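Observations on chain architecture
The lines below spell out each chain.
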Amino acid sequence: MLQVENTLFTIVMLLYFAAMILYFTYLAIKKDLLSKIAIGLQIAGLVLHTAALICRGIGAGRLPLTNQYEFATAFAWGLCLVSLIFILRFRFPVLGAFAAPVTFLVIGYAAMQSKDVHELMPALQSNWLGFHVSTAIIAYGAFGVSFVLSILFLLRDRAKEGSFFDQHIPNREKLDLISYRSVALGLLFLTFTIITGAIWAERAWGSYWSWDPKETWSLVTWIIYAIYLHLRIRRGWRGKTAAIFAIVGFVCVIFTYIGVNTFLPGVHSYK
């Protein structure tokens, strides 16, 4: 099963790369057919990516969410899923041209990690593993989409009236609204991530919170996005500043995932 997973992973990388190139070509020559093919490749990649994760789980005899490689490929899966939902829900193929490179970079990072299967350490042998990590994947995916939407928001004014981009990119108000919904979805799942992690930590180590670097940076990320939502709901905060805030939030997400593992070792270092 692990050999099948390796083959599927390679095919998925190629599909995501092809989809990214087609999205770029779609922007360059402005042919709607290309965007439809790109979306089709992204859907095919997501389906095979799901199959690869299932094969990894069967081959490893556990949920495939316990090391750097497994979480990275699952993170890419979450980015692909959430971006695809927003592309189809809002008929917004241009989003794919900005989301696809992020997805490809994350799965490329996964490809550089060790694919060896190791026995779970005692702290990970818990039913909370699936709840904790799966909610983190959806949260990170949603924050990734809000990051892309915020970049589009900042670039929106450069589109000339009546141009291809003006016709195919929602106006600033709609971009702002979609980004807000993506942040709200991400914060909801990040809240579940922190709560399930705290319960799991208490059962594994006897303490709900130990100020481990990843716990601390997850909390920092949660606070940043909570401030974003608070200011938006209570103060009507919108526009350029909100977009920049969402971008900063995703930088914290990336540091929480990659930076903490690299520079701040702790009890989560096995990821």
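Structure report, in brief. This one's a predicted model, so the numbers in the text were calculated from it and none came from an experiment.

Criteria and cut-off values
Residues numbered from 1 in each chain as written. Predicted model: local features only at pLDDT ≥ 70, side-chain atom pairs only at ≥ 80, totals over all residues. Heavy atoms only, no water. Helix = DSSP H or I, 4+ residues; strand = E, 2+ residues; numbered from the N terminus. Rg over C-alpha atoms; globule rule 2.2 N^0.38 Å. Buried < 20%, exposed > 50% of the residue type's maximum accessible area, 1.4 Å probe, protein only. Contact = heavy atoms within 4.5 Å. Areas by Shrake-Rupley, 256 points an atom, 1.4 Å probe, with all protein chains shown as cover. Lys, Arg positive; Asp, Glu negative; His and termini not counted. Charge placed at Lys NZ, Arg CZ, Asp CG, Glu CD. Phe/Tyr/Trp six-rings, centres within 6.5 Å; stacked < 30°, edge-to-face > 60°. Lys NZ or Arg CZ within 6 Å of the ring centre and 35° of its normal. Core = buried A, V, L, I, M, F, W, Y, C linked by side-chain atoms within 4.5 Å. Axes fitted to C-alpha atoms, helices over the stretch in contact; angles between N-to-C directions. Parallel < 35°, antiparallel > 145°, perpendicular 65-115°, else oblique. Left-handed = near helix turned anticlockwise from the far one by under 90°. Nonpolar A, V, L, I, M, F, W, Y, C, P; charged D, E, K, R; others polar. Salt bridge = Lys/Arg side-chain N within 4 Å of Asp/Glu carboxyl O.

Thoughts on the overall build of the protein
- Along the backbone of the protein there are nine helices and zero strands.
- For 271 residues, the compact-globule formula gives about 18 Å, and the C-alpha radius of gyration of the protein, at 19 Å, lands near that figure.
- Dimensions along the principal axes, computed over C-alpha positions, put the protein at roughly 60 × 50 × 30 Å.
- Expressed as a percentage of its 271 residues, the buried residues of the protein come to 51%.
- Of all intrachain contacts in the protein linking residues separated by at least 6 positions in sequence, the fraction that spans at least 24 positions is 79%.
- Working note: accessible area of the protein is about 12700 Å², and carbon and sulfur atoms make up 67% of it.
- Across the protein, the 22 positively charged side chains and the 13 negatively charged ones have centroids separated by 9 Å.

A closer look at the packing of aromatic side chains
- Scanning the model with the defined rule gives ten aromatic pairs in all.
- Feature note: the residues Phe 71, Phe 75 and Tyr 140 constitute an aromatic cluster, connected by ring pairs.
- The ring centre of Phe 90 lies 4.9 Å from the NZ or CZ of Arg 89, which sits over that ring.
- Here Arg 172 stacks its cationic end above the ring of Phe 153, 4.1 Å away from the centre of that ring.

Examining the nonpolar core
- Ranked by internal contacts, the top residues of the largest apolar core, which has 74 residues, are Tyr 23, Phe 71, Phe 75, Phe 92, Leu 95 and Leu 152.
- Looking at this core, the elements that each hand over two or more residues are helix H1 (2-29), helix H2 (32-60), helix H3 (68-89), helix H4 (94-111), helix H5 (128-155), helix H7 (172-205), helix H8 (213-235) and helix H9 (240-263).
- With 14 residues, the single largest contributor to this core is H5.
- Apart from residues lying up to four places away in sequence, Leu 95 is in contact with Ser 83, Phe 86, Ile 87, Val 148, Leu 149 and Leu 152.

So, the packing of H5 against H7
- Viewed as axis vectors pointing N to C, H5 and H7 meet at an angle of 155°, and their least axial separation amounts to 7 Å. As summarised for this structure, H5 and H7 are arranged roughly antiparallel, according to the angle between their axes. For the element pair H5 and H7, the recorded crossing hand is left-handed.
- Residues of the contact of H5 with H7, tallied by class, amount to 22 nonpolar, ten polar and three charged.

Focus: the packing of H2 against H3
- At a minimum axis distance of 10 Å, the contact between H2 and H3 shows a crossing angle of 145°. Of the two elements, H2 crosses H3, and the hand of that crossing is left-handed. Mapping the contact onto sequence places Ile 39, Gln 42, Ile 43, Leu 46, His 49, Thr 50, Leu 53 and Arg 56 in H2 and Tyr 69, Glu 70, Thr 73, Ala 76, Trp 77, Cys 80, Leu 81, Ser 83, Leu 84, Ile 87 and Leu 88 in H3.
- For the contact of H2 with H3, a count of residues per class yields twelve nonpolar, five polar and two charged.

A few points about the pattern of salt bridges
- Throughout the structure, instances matching the rule amount to four salt bridges.
- The shortest N-O distance in the salt bridge between Arg 56 and Glu 5 comes to 3.9 Å. Of this pair, Arg 56 sits in helix H2 while Glu 5 sits in helix H1; the two residues are 51 residues apart in sequence, bridging distant segments of the chain. The pair Arg 56 / Glu 5 is uniform in exposure class, with both members buried.
- Ionic pairing is found between Asp 176 and Arg 232, a salt bridge with its closest N-O pair at 2.7 Å. In this pair, Asp 176 is assigned in helix H7 and Arg 232 in helix H8, connecting sequence segments 56 residues apart. Side by side, Asp 176 and Arg 232 carry an identical accessibility label, which is buried.
- Residues joined in a network through salt bridges with shared partners are Glu 5, Arg 56, Arg 62 and Glu 70.

Remarks on the environment of Thr 73
- The topology assignment puts Thr 73 in helix H3.
- Residue Thr 73 is classed as buried on the basis of its relative accessible area, which comes to 3%.
- Sequence spacing of Thr 73 and Gly 108 is 35 residues, and the spatial spacing of their C-alpha atoms is 8.6 Å.
- Beyond its immediate stretch of four places on either side in the chain, Thr 73 contacts Phe 9, His 49, Leu 53 and Ala 110.

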